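Here's the letter readout for the chains.
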Amino acid sequence: MSALRCRRNKRRGAISYDSSDQTALYIRMLDVRVRSRAGFEPERRGSHPYLCVDFRILHSKPDPTASTSSRRVRRLLSFQRYLSSSRLFRGVPPRNPLHILDDDYTGQAKCMLEKIGSWNFNIFLFDRLTNGNSLVTLTFHLFNHYGLIELFRLDMVKLRRFLVMIQEDYHSRNPYHNAVHAADVTQAMYCYLQEPKLSKSLTSCDILLGLLAAATHDLDHPGVNEPFLIKTNHYLAALYKNTSVLENHHWRSAVGLLRESGLFSHLPAEDGLNMERQLGSLILATDISRQNEYLSKFREHLDNEDLCLANACHRHFVLQMALKCADICNPCRPWELSKQWSEKVTEEFFHQVFKGDIEKRYKLEVSPLCDSQANTIGNIQIGFMTYVVEPLFAEWARFSDTRLSRTMLGHLGLNKASWSGMLQELAGGADDGAQEGAEVPAEDGNSKALPQGSKES
């Protein structure tokens, strides 16, 4: 346990880095301070977008007398808990490593995992049944399902610790970009990996990278978009030169956790570096600003009928497209699930502390979709479905013309119609209200209509 504490002391505040590579900064917003020039008080991680890092932390020595944060205590207790659990089952044959999962895994959650390949999988219910551990439980289950633990000789305790760290490094305060979203994307990725074309062609390494990328694709997301980071001169924008800022940060954060956990430390160094590079390539593909670039390339391959899944590069490209689909598949889910995700992402867009009000207060141009006075959930969703989701999933259906693809497009059409209907109802109600307001009955010639909300003196 003392060795574990020594290893953990390398995590200093807001930055995690590989001490053997001083040029590689894996910045993780754990304990950050707000820009003083913006006039805000210092707050904890995830509480405000105006974040900066004290880079002196990089070379400071650990303070053994410093108090341990509650996050570290929880992580350490979780690790001890699962370590103890693994000791109890050392005699269990390696073909059944699921015993390391604790009581959260039993009962209804376990029953749900039996239908993990269903497109109707309710990740919100699953998260409740696992006491908020949906990402850890689901990803560990999939690693076991594919036999990745044995194939890559992964240490189950290291794997569990790695997954716990991933889940903790998603900001629970984010309405949308949190660990539940990551679990949902991972479940969707599994559905795509099960499609006939992919299941017959993908290697175990492809599957491992696909699941890791899905689980970490939004790691340590601050709850704001790239334009906001650039406009506010955020340190991440400067670090990544205003290019795929968030995606680069998610990737580097994931690499930091991989190295900290030592999950691949038993592999040859070159193999480990190659997996990190491929993981980055997958996560960087989720940059929505490059949507047309990837979509045009995908469409060109399909038009030329030259996608060959025996080719490693082509398989990797298909994995990129699968992850892109999984990342924005919410409009293709059943209405009951899709509507919840729409409300959550719009809440994050409209979050006054994070975006619109701050941008207005400091006279910045308000980011598209983030002005609650100019947008509604309905019109945001219809625009997103029309210009982003439909073109992508139409091409995916060309590539994989299966029941799942048809189901997704069917839900997409129904959900779009539902939002359109709700907008029409709102518009109709507004028109009726305006007409009623215009009809002011006059009891006598001297009577006056009072403005709505005013009171008589």
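Scoring rules and cut-offs
- Sequence order sets the numbering: in each chain, residues are counted from 1 along the sequence as written.
- Local features in a predicted model are, by the rule used here, given only for residues with pLDDT of at least 70; side-chain atom pairs are given and counted only at 80 or more, and totals for whole chains, interfaces and linings are based on all residues.
- Only hydrogens and water are set aside; all other atoms, that is, all heavy atoms of the structure, feed into the side-chain values.
- Angles here are taken between N-to-C directions and fall from 0 to 180 degrees, while the axes themselves are lines fitted to C-alpha atoms, restricted in helices to the stretch in contact.
- Secondary structure elements are taken from DSSP: a helix is a run of H or I of four residues or more, a strand is a run of E of two residues or more, and numbering for both begins at the N terminus.
- Comment on the angle field: the value is read as roughly parallel under 35 degrees, roughly antiparallel over 145, roughly perpendicular from 65 to 115, and oblique elsewhere.
- Less than a right angle of anticlockwise turn of the near helix away from the far helix marks a crossing as left-handed, whereas a clockwise turn marks it as right-handed.
- Residue contacts are defined here by distance: any two heavy atoms, one from each residue, within 4.5 Å place the two residues in contact.
- Relative accessible area decides the class of each residue, using a 1.4 Å probe on protein chains only: under 20% of the type maximum gives buried, over 50% gives exposed, and in between gives partly exposed.
- pLDDT measures how confident the predictor is about each residue, on a scale from 0 to 100.
- Ring pairs are drawn from Phe, Tyr and Trp, using the six-membered ring of Trp, whenever the two centres fall within 6.5 Å, and their geometry is named by plane angle: stacked under 30 degrees, edge-to-face over 60, tilted for the rest.
- Charge-over-ring placement is defined geometrically: NZ (Lys) or CZ (Arg) within 6 Å of the ring centre, and within 35 degrees of the ring normal.

A. Just the packing of helix α13 (residues 245-261) against helix α14 (residues 269-284), in detail. Direction vectors running N to C along α13 and α14 enclose 150°, while the axes themselves pass 9 Å from each other. Taken together, the axis directions place α13 and α14 in an arrangement best described as roughly antiparallel. Relative to α14, the crossing made by α13 is right-handed. For the pair α13 and α14, contact is made by Glu247, Asn248, His250, Trp251, Ala254, Val255, Leu258 and Arg259 and by Leu273, Glu276, Arg277, Leu279, Gly280, Ile283 and Leu284, respectively.

B. Representation of the environment of Leu236 within the structure. Relative to the helices and strands, Leu236 resides in helix α12 (residues 235-239). Assessed through its relative accessible area of 0%, Leu236 is described here as buried. Sequence separation between Leu236 and Leu246 is 10 residues; the distance between their C-alpha atoms is 7.9 Å.

C. How the structure looks around unusual backbone geometry. Unusually for a residue other than glycine, Asn131 sits at a positive phi of about 55°. One can find Asn131 in the loop between α4 (123-129) and α5 (134-145). In this model, Glu305 sits at a positive phi of 55°, which is unusual for a non-glycine residue. For Glu305, the location among the structural elements is in the loop between α15 (291-304) and α16 (312-327). On the basis of relative accessibility, which here comes to 72%, the residue Glu305 falls in the exposed class.

D. Quick look at the confidence of the model for the protein chain. Overall, the predicted model of the protein chain reaches an average pLDDT of 78, with 65% of residues at or above 70. Segment residues 440-457: pLDDT under 50, and 3 contacts once partners within four positions in sequence are set aside and those in other chains are kept.

E. How the structure looks around the packing of aromatic side chains. Under the counting rule described, the total for this entry stands at 11 aromatic pairs. With centroids separated by 5.5 Å and ring planes inclined at 50°, the aromatic side chains of Tyr192 and Trp396 adopt a geometry described as tilted. Taken together, the positions of Tyr192 in helix α8 (residues 179-193) and Trp396 in helix α19 (residues 377-399) put the pair 204 residues apart, joining distant regions of the chain. Classification of Tyr192 as buried rests on a relative accessible area of 0%. Judged by relative accessible area, which is 0%, Trp396 ranks as buried. Members of the aromatic cluster, each reached through a chain of ring pairs, are Trp119, Tyr192, Phe298, Phe317, Trp396 and Phe399. Over the face of the ring belonging to Trp251 we find Arg252, whose NZ or CZ atom lies 4.1 Å from the ring centre. Here Arg333 stacks its cationic end above the ring of Trp119, 4.0 Å away from the centre of that ring.

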